[in-house]
Amino acid sequence: MALNYNTTKDIKVSKKIIDRVIGQENAINLIKKAASQKRNILLIGEPGTGKSMIGQALAELLPKEKLKDILSIENPSDENIPLIRVIPKGKGKEIVEKARMHSMSSSKSKNFLIIFFIILISAIPYYLWKTGTFSDIIYAASLITGMIFIVGLILMMNLGKRLSNEKIKIPKLLVDNSKVDKAPFFEATGAHAGALLGDVLHDPLQSGGLGTPAYERLVPGFIHRANGGVLFIDEIATLQPHTQQELLTALQEKRYPITGQSERSSGAMVRSEPVPTDFILVAAGNVETIKNMHPALRSRIRGYGYEIYMNYTMPDTKENRDKIAIFVAQEVHKDKKIPHFSKEAVNEIIAEGRKMSGSSDKLTVRLRELGGLVRAAGDLAVEENKNLVERKHILNAKKLARSLEHQIADEYIENKKKYQIIVTEGKQIGRVNGLAVIGSGAAVSGIILPIESEVTLGGKKSEIIATGKLGTIAKEAIKNVSAIIMKYFGEDIKEKYDIYTQFIQTHSGVEGDSASIAVATAVVSALKKIPVRQDTAMTGSLSIRGEVLPIGGVNAKLEAAADAGIKRVIIPKANEKDVIIDKKIKDLKIICVDRIEHVLKESLYWKGKEKILKKLKK
């Protein structure tokens, strides 16, 4: 059913978290199974795709009536092994309060006794002095003696309280679920071992009976507090291997004792009885997480749960565009500080979501970045005292909410143009405007990558020598270009020339193979002294057979070319469907190619060199 609205105020926002998760239908289906069967989940995907919301939605689906309170009490046999008691939800606080009231009653009795002695010791000498029985000196001595007696009595009573085995021990409430009306959800991302697994506080006075009892020094970890609910850990692989192993133990045994995490602390001597840890683990991370996770922990999740790869795009359909509109309404509702959005403003957000996806027929599911744009536009509307966010606020917010990568790229282009490192007019031999991106995921921005080649006499090198702090993939791409150059001009350069290629001022390095066609063009230009059109930029990977292969970040690269003043851009034909034409790049001439011959034909100035072009075509 199509969504009918004029502003996001007309869109109903569901109170259920599971209904607010967008673009992750497969994950939703699996967490419903995980909730009913108590299965663990591993979520792998890019930041901002809703992994934390999936965990909260899972907690929302769990039953609430099985929650328990957990108490720690002193073990009369061994104080370093505190006893653990699991009792019905809400009873823990009652038990602790009753014990505290009993203790207070006992203390009141002792305090009454002390007050009685103070009055008695003060009143009798005063009465005898007043009646003349005591002299002034004897009266003063009696008062001093009485005060010493009272102080000694208080010290003896307190010391006896410390040493007596019959003193009232107030249990410690480790986990209190009395006010919890739904299954607990705890996010333990970045937690150190003590916070995650529990800890025992250090007590410098543990000897002599004057310190705090061990059972009172227990501190539950997230694994204990999440009992009966969900424990969410993002970037799971950042946990120490030992901590991951202990987490695995808690998962397997569904109980885990609390002990001191520092071997130098007195808490290291304490190890409680096992504490319940019957939680569902929702672990999350990116693709690198899989390689760095403890194998046994991942095996446990895979064997007793589900692994889910999060979507980062969804098809650009009417239904999914409506979901983006619902997302905007959710963000307004959650933020509570920005006004609602007009339909035109929502449509602009949808257009930005299409651009963030990197494809003209997709929408992004990296909604955190899209949410940043929503809030920035809302802030602009508030600044203007507007009751509605309009399309112009979105357009202005795109400048305000630029990513760091975009800001760096803008400064990069400006500085390179200022010092004529980026040239956008005329013709030059051996010099090409390549295109690259900085950043990753949704936070990418395009940059111009000037590349120069030079040919020298020699012929001692068997492949192209490339400089510019190249990464592994970039170096391999240069080798592929070497094969293509040898294929077309092998006889011409054998034992005659050395070919050098420089990625100009790439201080942060170059990675990836999307500059392959630019390198090949620069080399051919330098080798055959054919000028390169400087109003043209290019991006594309090359196979060793000369096929132009697709690359990523095509829209960010096109925007960078437009910002730099480039007039023509050569891209792989396979990326044609990914191009999103907007106001910024509408004047660019976009040339789609599928082979290196086509690249060279469009980028080089062939006047007087037509024979070489014919040779290439053959």
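Refer to the structure presented above.
Definitions and limits used
- Residues numbered from 1 in each chain as written.
- Predicted model: local features only at pLDDT ≥ 70, side-chain atom pairs only at ≥ 80, totals over all residues.
- Heavy atoms only, no water.
- Helix = DSSP H or I, 4+ residues; strand = E, 2+ residues; numbered from the N terminus.
- Buried < 20%, exposed > 50% of the residue type's maximum accessible area, 1.4 Å probe, protein only.
- Contact = heavy atoms within 4.5 Å.
- Areas by Shrake-Rupley, 256 points an atom, 1.4 Å probe, with all protein chains shown as cover.
- Expected span 1.5 Å × (residues − 1).
- Core = buried A, V, L, I, M, F, W, Y, C linked by side-chain atoms within 4.5 Å.
- Phe/Tyr/Trp six-rings, centres within 6.5 Å; stacked < 30°, edge-to-face > 60°.
- Lys NZ or Arg CZ within 6 Å of the ring centre and 35° of its normal.
- Pairing = 2+ DSSP bridges.
- Axes fitted to C-alpha atoms, helices over the stretch in contact; angles between N-to-C directions.

Chemist: Provide a residue-level description of the overall build of the protein, including the pertinent values.
Modeler: Along the backbone of the protein there are 19 helices and 27 strands. The buried share of the protein, taken over its 618 residues, is 47%. Here the analysis covers contacts within the protein between residues at least 6 apart in sequence; of these, 74% occur between residues at least 24 apart. Total accessible area on the protein stands at roughly 32100 Å², and carbon and sulfur atoms take up 53% of it.

Chemist: With reference to specific residues and values, describe helix H10 (residues 318-335).
Modeler: With 18 residues, H10 should reach 26 Å at 1.5 Å per residue; the first-to-last C-alpha distance of 26 Å fits that figure. For H10, the full list of buried residues reads Asn320, Asp322, Lys323, Ile324, Ala325, Phe327, Val328, Ala329, Gln330, Glu331, Val332 and Asp335. Packing partners of the buried residues in H10 comprise helix H1 (25-37), strand S13 (313-315), strand S14 (340-341), helix H11 (343-357), strand S15 (362-364) and helix H12 (367-383). Count one or two residues on from H10 and you reach lysine 336, which has phi positive near 65°.

Chemist: Requested: an account of the nonpolar core, with residues and values cited.
Modeler: Judged by nonpolar contacts, the single largest core of 41 residues is most densely connected at Ile451, Ile485, Phe489, Leu542, Ile596, Val599 and Trp606. Of all the secondary structure elements, the ones that give two or more residues to this core are strand S18 (431-440), strand S19 (443-457), helix H15 (472-493), strand S21 (497-503), helix H16 (516-528), strand S27 (589-593), helix H18 (596-603) and helix H19 (610-617). If you tally residues by element for this core, the top one is H16, at nine residues. Grouped together as the second largest cluster of nonpolar side chains are 30 residues, Met314, Val328, Val346 and Ala376 included.

Chemist: How would you sum up the packing of aromatic side chains? Please name residues and give values.
Modeler: Inspection of every chain in the model, using the stated rule, returns two aromatic pairs. Summarising the aromatic geometry, the rings of phenylalanine 186 and phenylalanine 222 are spaced 6.1 Å apart at their centres and angled 50° between planes, so their arrangement reads as tilted. Taken together, the residues span a long stretch of sequence, with phenylalanine 186 in strand S5 (residues 185-187) and phenylalanine 222 in helix H6 (residues 222-225) at a distance of 36 residues. Given a relative accessible area of 17%, phenylalanine 222 falls into the buried group. The ring of tyrosine 5 is capped by lysine 343, whose NZ or CZ atom sits 5.0 Å from the centre of that ring. In this arrangement the basic side chain of lysine 427 is found over the ring face of tyrosine 605, its NZ or CZ atom lying 4.5 Å from the centre.

Chemist: Account for the sheet that holds strand S3 (residues 83-88), naming residues and giving values.
Modeler: Pairing is antiparallel across the open sheet formed by three strands, whose spatial order is S3-S2-S4. The open sheet has two edge strands, S3 and strand S4 (172-175), and neither has a second partner. Taking each pair of neighbouring strands and ignoring which way they run, the sheet shows an average axis angle of 35°. Summarising the sheet, strand S2 (residues 68-73) and S4 pair through three bridges and their orientation is antiparallel. Note that in S4 the partner of leucine 71 across the bridge is leucine 173.

Chemist: Tell me about H1, and name the residues and values.
Modeler: Working note: α-helix, 3.6 residues per turn, so residues spaced by three or four point in the same direction. A rise of 1.5 Å per residue sets the reference length of H1, with its 13 residues, at 18 Å; its end C-alpha atoms lie 19 Å apart and thus fit the reference within 8%. As for H1, its buried residues are in contact with strand S1 (40-44), helix H2 (51-61), strand S11 (280-285) and strand S12 (305-309). One or two positions beyond H1, positive phi appears at lysine 38, with a value near 55°.

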